[in-house]
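Per-entry structural report
Chain by chain, the residues:
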Amino acid sequence: MMCRNCMVLLCVRIWSDKCSSKYGRRRPFILAGSLMISVAVTIIGFSADIGYLLGDADEDHRNFKGT
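Treat the numbers as computed from the prediction; the structure is a model and nothing was measured.

This part is about the side chain of Ser16. Checked against the element boundaries, Ser16 lands in helix α1 (residues 2–18). Ignoring anything within four residues of it in the chain, the contact list for Ser16 reads Arg25, Arg26 and Phe29.

With that settled, the discussion passes to the confidence of the model for the protein. Averaged over all residues, the pLDDT of the protein is 83; the fraction at 70 or higher stands at 84%. By mean pLDDT, the top-scoring element of the protein is helix α2 (residues 27–45) (92), and the lowest-scoring one is helix α3 (residues 47–53) (83).

With that settled, the discussion passes to the environment of Ser34. Looking at where Ser34 falls in the secondary structure, it is placed in helix α2. With relative accessibility at 35%, the residue Ser34 sits in the partly exposed group. Within the local environment of Ser34, its side chain forms a polar contact with the backbone oxygen of Leu31, the two atoms lying 2.9 Å apart.

Reading the values: rules and limits
- Residues numbered from 1 in each chain as written.
- Predicted model: local features only at pLDDT ≥ 70, side-chain atom pairs only at ≥ 80, totals over all residues.
- Heavy atoms only, no water.
- Helix = DSSP H or I, 4+ residues; strand = E, 2+ residues; numbered from the N terminus.
- Contact = heavy atoms within 4.5 Å.
- pLDDT = per-residue confidence, 0-100.
- Buried < 20%, exposed > 50% of the residue type's maximum accessible area, 1.4 Å probe, protein only.
- Polar contact = N/O pair within 3.5 Å; in protein donor to acceptor, adjacent residues only side chain to side chain.

If you want it as structure tokens, here you go:
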């Protein structure tokens with residue numbers, strides 16, 4: 001997993017160094033990354049509802065009551 005992350009970071013650094021956007025070299029990548037993180041966090045927040053829509057039944061998991 002860590003090796004894969006290093007490879008992804010290396011590729012992003014190379015792409016951003018070659019980027020010639022009018023917004024700069026790094027800003028388009030920061031914007032794209034923050035949008036992807038926002039979408040991922042939203043999906044995590046609605047994961048129970050998405051699972052229910054995809055056919056997950058209440059009997060398939062235990063109900064956590066807290067500590």
